[in-house]
There are 2 protein chains.
Amino acid sequence: MKTCIDCIPCFFRQALEAARLASNDEGVAAEVLRKVASMVTDLDMSQSPPAMGQKIHRIVRETVGIDDPYRQIKKTFNEAALRLYPEMRRLIGTSERPLETAVRLAIAGNIIDFGVNGGVRESDVERAIGECLAAELGADVLSRFEAAVRDADEILYLADNAGEIVFDRLLIEVLPVDKVMVAVKGSAIINDATMEDAVVAGLPRIVEVIDNGDDAPGTLAEGCSEEFRERFGRADLIIAKGQGNFETLSEAEKHIFFILRAKCPVVAKRFGCAPGTSILLEHGAIRDKTEN
Amino acid sequence: MKTCIDCIPCFFRQALEAARLASNDEGVAAEVLRKVASMVTDLDMSQSPPAMGQKIHRIVRETVGIDDPYRQIKKTFNEAALRLYPEMRRLIGTSERPLETAVRLAIAGNIIDFGVNGGVRESDVERAIGECLAAELGADVLSRFEAAVRDADEILYLADNAGEIVFDRLLIEVLPVDKVMVAVKGSAIINDATMEDAVVAGLPRIVEVIDNGDDAPGTLAEGCSEEFRERFGRADLIIAKGQGNFETLSEAEKHIFFILRAKCPVVAKRFGCAPGTSILLEHGAIRDKTEN
């Protein structure tokens, strides 16, 4: 997905929120915005928004001199999600359609996205759970998802944010875990989950977890490690969480289920829906194994 | 009032709205945003936001090749305000405190500001009238305003936007019109009122109207005509409408009453109020005439 001109004011909003989070010095924040402006003067609009997001947040970290401005936010939301975990697990356990309930909760967790909204509160997460349990998802795509999970040999699950990764665990627990590998980000980018968050969520105890070697808020193959690219190429089913993975993989030639909450107006417009809509989208054709 | 870093994302939002209004070509809008970014790379934060607004809208007009992107919007809101005029005049005529009611309506008209919000609708104006008639204004400042109007020898009324200028007429009609001169903008800038709008509002029939010779969305002395500067200097009372005039004149050594709706978060914060609050603010000391 290419960058849209509507993304440009949003880049500055995001840079300002990140700079203020990282530093109390308004002069430093102004310096960050000037550097972002300098980048925008010759912006390549054919890149995806997360490619720009990666550069913006590198500028923030370098200008302020902090390696992870979102560390405390990630900790806060991991803990909040872990408090919600037992009740959500019970919901799935008593559900007539556990996979569907788990997908809905995984979508709810996607509200914890400090790239799109620097003011997410714990009460927003609780409200999102209620909304996503009631949202329209489509029985067709749910049954295709169920079939795809059953038929796949290797499933690569691309996690999105900290806190949200606890919600991902709930979905992963109802998948055939032996076939699943989870990938997190290689290093700090916004509040995206890294290996530290996967560990806090307890994921490595139930499934293989790798990091993708990159600090883009999405999946940009060129920045990822050789190991990640190899696993990505080999997987016959990708489960991609969040807007950033959608924006970076919407043209990928893979069989992908995108699971997200369409939060910003640009992404929502792409789906033809209102911001806040729950999305489970199948992308790409299922490879006919008899042809290989 | 200096530019705040929160203004920077807003500059891009405003540039995008203006570019889209002026052209259907997204490439042209992208070009506008790149030029604005280039300006921001060495932005002088000691300037007021309207100084930057002036540059942004010059870029929009020059890049698109249109001298007045807001012409239709100004026409629409002049007409809407003129439709509301008879009923509002009746309200003032039957009011126990006609000056106060006229001030409240003048504040309501300030919602028609396409710099702060490119999506103002006529229904917003009607809602603003109700809000402003009920708003907290402070009896003290109202009686100081009444006294200042009575005691002044020359009153300069700085108009803000088209449409709103019809609301200004209602206030001007309850002022001692022989002492009042109205100033509009010298040429097109956002939806600010120019001489054309003053004529549509019927102002020149009841009061002297000049233009300030400039295209800033506020009052920047250095860009204004000699005549305007002379009249500004001579007036012993300035009535300044809108955020732009507040942002550019908040340090002026004049006796000013600012009349506005605090619309953006930065201006609202300066007043210590929530966005949407009605403001009648006295600024500067009354010159003791016995000392001259």
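Residues numbered from 1 in each chain as written. Chains lettered and ligands numbered in written order. Predicted model: local features only at pLDDT ≥ 70, side-chain atom pairs only at ≥ 80, totals over all residues.

A.B. asks: Can you help me understand the overall build of chain A in this one?
C.D. replies: A tally of regular secondary structure across chain A gives 12 helices and six strands. On C-alpha atoms alone, chain A measures out to a radius of gyration of 18 Å, which is about the 19 Å that the 2.2 N^0.38 rule sets for 292 residues. Referenced to the eigenvectors of the C-alpha coordinate spread, the extents of chain A come out at roughly 55 × 45 × 35 Å. Expressed as a percentage of its 292 residues, the buried residues of chain A come to 49%. (Helix = DSSP H or I, 4+ residues; strand = E, 2+ residues; numbered from the N terminus. Rg over C-alpha atoms; globule rule 2.2 N^0.38 Å. Buried ≥ 20, exposed ≤ 12 C-beta atoms within 10 Å, placed from the backbone.)

A.B. asks: Help me understand the relation of the copies chain A and chain B in this model?
C.D. replies: Each of the two chain copies can be generated from the other by rotation about an axis followed by a shift along it. Structural alignment of chain A on chain B gives an RMSD of 0.0 Å, achieved by rotating through 180 degrees and translating 0.0 Å along the axis. Look at the turn and shift together and you get a two-fold axis relating the two. The share of interface residues of chain A whose copies in chain B are also at the interface is 100%, consistent with both copies meeting through the same surface. (Least-squares fit on C-alpha atoms with pLDDT ≥ 70 in both. Contact = placed C-beta atoms within 7 Å.)

A.B. asks: Explain the nonpolar core here, please?
C.D. replies: Soluble globular proteins: nonpolar side chains tend toward being buried together. The biggest cluster of nonpolar side chains holds 182 residues, and the ones touching the most others in it are A15(A), L33(A), V182(A), A15(B), L33(B) and V182(B). If we skip the residues at most four places from it in the chain, V182(B) touches Y157(B), A159(B), I172(B), A198(B), L203(B), V207(B) and V209(B). (Core = buried A, V, L, I, M, F, W, Y, C linked by C-beta atoms within 7 Å.)

A.B. asks: What's the story with the confidence of the model for chain A in this structure? I'm lost.
C.D. replies: Regions with low pLDDT should not have their predicted coordinates read in detail. Residues and elements named next belong to chain A. Averaged over every residue, the pLDDT of chain A is 95; residues scoring 70 or more account for 97%. Here residues 287-292 is modelled with pLDDT under 50, and outside its nearest four sequence neighbours on either side it reaches two contacts, counting other chains as well. For this predicted complex, the interface confidence reaches an ipTM of 0.86, while the overall pTM sits at 0.89. (pLDDT = per-residue confidence, 0-100.)

A.B. asks: What am I meant to see in the sheet that holds strand 4 (residues 237-241) of chain B here?
C.D. replies: Two orientations exist for strands paired in a sheet by backbone hydrogen bonds: parallel and antiparallel. All names here are of chain B. With respect to topology, six strands assemble into an open sheet ordered 3-2-1-4-5-6, the strand pairing being mixed. What marks the edges here is a single partner per strand, and that holds for strand 3 (208-211) and strand 6 (277-283). Each adjacent strand pair in this sheet contributes to an overall mean axis angle of 20 degrees, direction not counted. Of the strand pairs in this sheet, strand 1 (residues 155-158) and strand 2 (residues 180-184) are connected by four bridges, and their pairing is parallel. Among the inter-strand pairings, L156 is bridged to a residue of strand 2, identified as M181. (Pairing = 2+ DSSP bridges. Axes fitted to C-alpha atoms, helices over the stretch in contact; angles between N-to-C directions.)

A.B. asks: What am I meant to see in the pairing of strand 5 (residues 256-262) of chain B here?
C.D. replies: Both faces of the sheet carry side chains from a regular strand, because those side chains alternate between them. Residue and element names in this part refer to chain B. By the criterion of burial, strand 5 is predominantly enclosed, with seven of the seven residues buried. Along strand 5, one buried face is formed by I256, F258, L260 and A262 and the opposite face, lined by F257, I259 and R261, is buried too. The handedness of the strand 4 to strand 5 crossover, carried by helix 11 (residues 242-249), is right-handed. Bridge count for strand 5 against strand 6 is seven bridges, and the pairing is antiparallel. Across the sheet, A262 pairs through a bridge with T277, a residue of strand 6. (Right-handed = clockwise from strand over helix to strand, strands pointing away.)

A.B. asks: Please explain the interface of chain A and chain B as it appears in this structure.
C.D. replies: For interface size, the figure often reported is the accessible area lost on association. Contact with chain A, which involves 18 residues of that partner, is made by 18 residues of chain B. Among the elements of the structure, helix 1 (7-22) and helix 2 (26-40) of chain A are those that each provide at least two residues to the side of chain A that touches chain B. With eight residues, helix 2 of chain A is the largest single contributor of residues to the side of chain A that touches chain B. For the side of chain A that touches chain B, the per-class residue count stands at 12 nonpolar, two polar and four charged. (Nonpolar A, V, L, I, M, F, W, Y, C, P; charged D, E, K, R; others polar.)

A.B. asks: Honestly, the sheet that holds strand 6 (residues 277-283) of chain A in this entry has me stumped. Any pointers?
C.D. replies: All names here are of chain A. The strand order across the open sheet built from six strands is 3-2-1-4-5-6, with neighbouring strands paired in mixed fashion. One side of each edge strand has no neighbouring strand; the edge strands of this open sheet are strand 3 (208-211) and strand 6. Strand-to-strand, the axes of this sheet are offset by a mean angle of 20 degrees, without reference to chain direction. In terms of strand pairing, strand 2 (residues 180-184) meets strand 3 through four bridges, oriented parallel.

A.B. asks: Whenever I open this one, the domain arrangement of chain A confuses me. Can you help?
C.D. replies: Residue and element names in this part refer to chain A. Its domain assignment divides chain A into domain 1 (7-64) and domain 2 (71-291). The C-alpha-based centres of domain 1 and domain 2 are spaced at 26 Å. With 11 residues of domain 1 at the interface, the matching set in domain 2 holds 14 residues. Those elements giving two or more residues to the side of domain 1 that touches domain 2 turn out to be helix 1 and helix 3 (49-64). The leading source of residues in the side of domain 1 that touches domain 2 is helix 3, at six residues. (Domains from an automatic or database assignment.)

A.B. asks: Honestly, the packing of helix 5 (residues 98-109) of chain B against helix 8 (residues 164-173) of chain B in this entry has me stumped. Any pointers?
C.D. replies: For any two helices packed against each other, the geometry comes down to the angle between their axes and how far apart the axes lie. Residue and element names in this part refer to chain B. Across the interface, helix 5 lies against helix 8 with an axial gap of 8 Å and an inter-helix angle of 170 degrees. Taken together, the axis directions place helix 5 and helix 8 in an arrangement best described as roughly antiparallel. Between helix 5, through A102, V103, L105, A106, A108 and G109, and helix 8, the contact on the second element is made entirely by E164, F167, D168, L170 and L171. A breakdown of the residues in the contact of helix 5 with helix 8 according to their chemical character gives eight nonpolar, one polar and two charged. (Parallel < 35°, antiparallel > 145°, perpendicular 65-115°, else oblique.)

A.B. asks: Sorry, what's going on with unusual backbone geometry here?
C.D. replies: Among all residues except glycine, the phi angle is most often negative; among peptide bonds, the trans geometry is most common. Residues and elements named next belong to chain A. Despite not being glycine, I190 shows a phi value in the positive range, around 45 degrees. Note on placement: I190 falls in the loop between strand 2 and helix 9 (195-200). Looking at I190, the number of C-beta atoms within 10 Å reads 31, which means it is buried.

A.B. asks: Can you walk me through helix 6 (residues 122-134) of chain B in this structure?
C.D. replies: In an α-helix, one full turn covers 3.6 residues, which means residues spaced three or four apart are oriented alike. Residues and elements named next belong to chain B. The end-to-end C-alpha separation of helix 6 is 19 Å, in line with the 18 Å expected for 13 residues at 1.5 Å each. The complete set of buried residues in helix 6 reads V125, A128, I129 and C132. Axial view of helix 6: buried residues confined to an arc of 110 degrees, hence all on one face. Pointing more than 90 degrees away from the buried face of helix 6 are the exposed residues S123, G130 and A134. Check the buried side of helix 6 and you find it contacts helix 4 (71-93), helix 5 and strand 6. (Expected span 1.5 Å × (residues − 1). Arc of directions from axis to C-beta.)

A.B. asks: What am I meant to see in the pairing of strand 2 of chain B here?
C.D. replies: Residue and element names in this part refer to chain B. The buried fraction of strand 2 is high, at four of five residues. Once you follow strand 1 into helix 8 and on to strand 2, the crossover reads as right-handed. As a crossover connection, the stretch from strand 2 through helix 9 (residues 195-200) into strand 3 is right-handed.

A.B. asks: Is there a simple way to explain the environment of T76(A) in this structure?
C.D. replies: Checked against the element boundaries, T76(A) lands in helix 4 (residues 71-93). For the pair formed by T76(A) and R104(A), sequence separation is 28 residues and the distance between their alpha carbons is 22 Å.

A.B. asks: What should I look at first to understand the environment of P204(B) in this one?
C.D. replies: Residue and element names in this part refer to chain B. Considering the arrangement of structural elements, one finds P204 in the loop between helix 9 and strand 3. With 23 residues separating them in the primary sequence, P204 and M181 have C-alpha atoms 9.7 Å apart. In this view, P204 contacts A198, V199 and V209; residues no more than four positions away in its chain are not counted.

A.B. asks: Before we go on, may I ask you to explain the environment of I165(A) in this structure?
C.D. replies: Residue and element names in this part refer to chain A. With respect to the helices and strands, the residue I165 is situated in helix 8 (residues 164-173). In sequence terms I165 and V200 are 35 residues apart; their C-alpha atoms lie 9.3 Å from each other. With sequence-adjacent residues up to four places away left out, I165 is seen in contact with A159, A193, D197, A198, A201 and L203.

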